[in-house]
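Read off the chains here:
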Amino acid sequence: MVSSAVVGYFVFHAHHGARGLEAKRELTAEIARLTDELATLRDERASWEKRASMLRAEAIDYDVLDEQAREVLGYVHKNDVVVLLGQQDGAANETASPATP
């Protein structure tokens, strides 16, 4: 009788315990999720490194530099078409026209 209780105790904890089969399944699922997140972050980092390498003085990409300068400074080239989204104070939608310097 006592031996079956001891065996039952160990079987229960082997399945449900902190180091049991269910914990192993949960850890495997978390490893898979974190592996996917790591792959996504590595791709994002590679993208940023590529963009940063285009801004180095020895191999500058002027299109990227122009894009960044316009975004940061808020400038618009005279040949750009500006599309304003949303309405303010109930104003009607207007067709955007090229900005002038």
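That block above? That's the structure.
Positions within a chain are numbered from 1, following the residues in the order the chain's sequence is written. Confidence filtering applies because this is a predicted model: local features only for residues at pLDDT of at least 70, side-chain atom pairs given and counted only at 80 or more, and all residues used for totals across whole chains, interfaces and linings. In computing side-chain properties, one takes all heavy atoms of the structure into account and sets aside hydrogens as well as water.

Draft legend 1. Quick peek at helix H3 (residues 62–73). Taking 1.5 Å per residue as the helical rise, H3 with its 12 residues ought to reach 16 Å, and the 16 Å between its terminal C-alpha atoms agrees with that figure. Comment: elements are numbered from the N terminus, with helices defined as DSSP H or I runs of at least four residues and strands as E runs of at least two. Gly-74, located one to two residues past H3, shows a positive phi value of around 80°. Helix span is expected to be 1.5 Å times the residue number reduced by one.

Draft legend 2. Representation of the pattern of salt bridges. What makes a salt bridge here is a side-chain nitrogen of Lys or Arg within 4 Å of a carboxyl oxygen of Asp or Glu, nothing more. Counted by the stated rule, this structure contains four salt bridges. Put simply, Glu-37 and Arg-33 hold a salt bridge, and the shortest N to O gap is 3.7 Å. Residue Glu-37 and its partner Arg-33 are both found in helix H2 (residues 21–53); the two are separated by four residues, about one turn of the helix. Burial classes: relative accessible area under 20% of the type maximum marks a residue as buried, over 50% as exposed, and values in between as partly exposed (1.4 Å probe, protein chains only). Judged by its relative accessible area of 38%, Glu-37 falls in the partly exposed class. The exposure class of Arg-33 is partly exposed, given its relative accessible area of 48%. With its nearest N and O atoms 3.8 Å apart, the salt bridge here joins Arg-51 to Glu-67. Residue Arg-51 is located in helix H2, and its partner Glu-67 is located in helix H3; the two are separated by 16 residues in the primary sequence. Relative accessible area serves as the criterion here: at 29%, Arg-51 is assigned to the partly exposed category.

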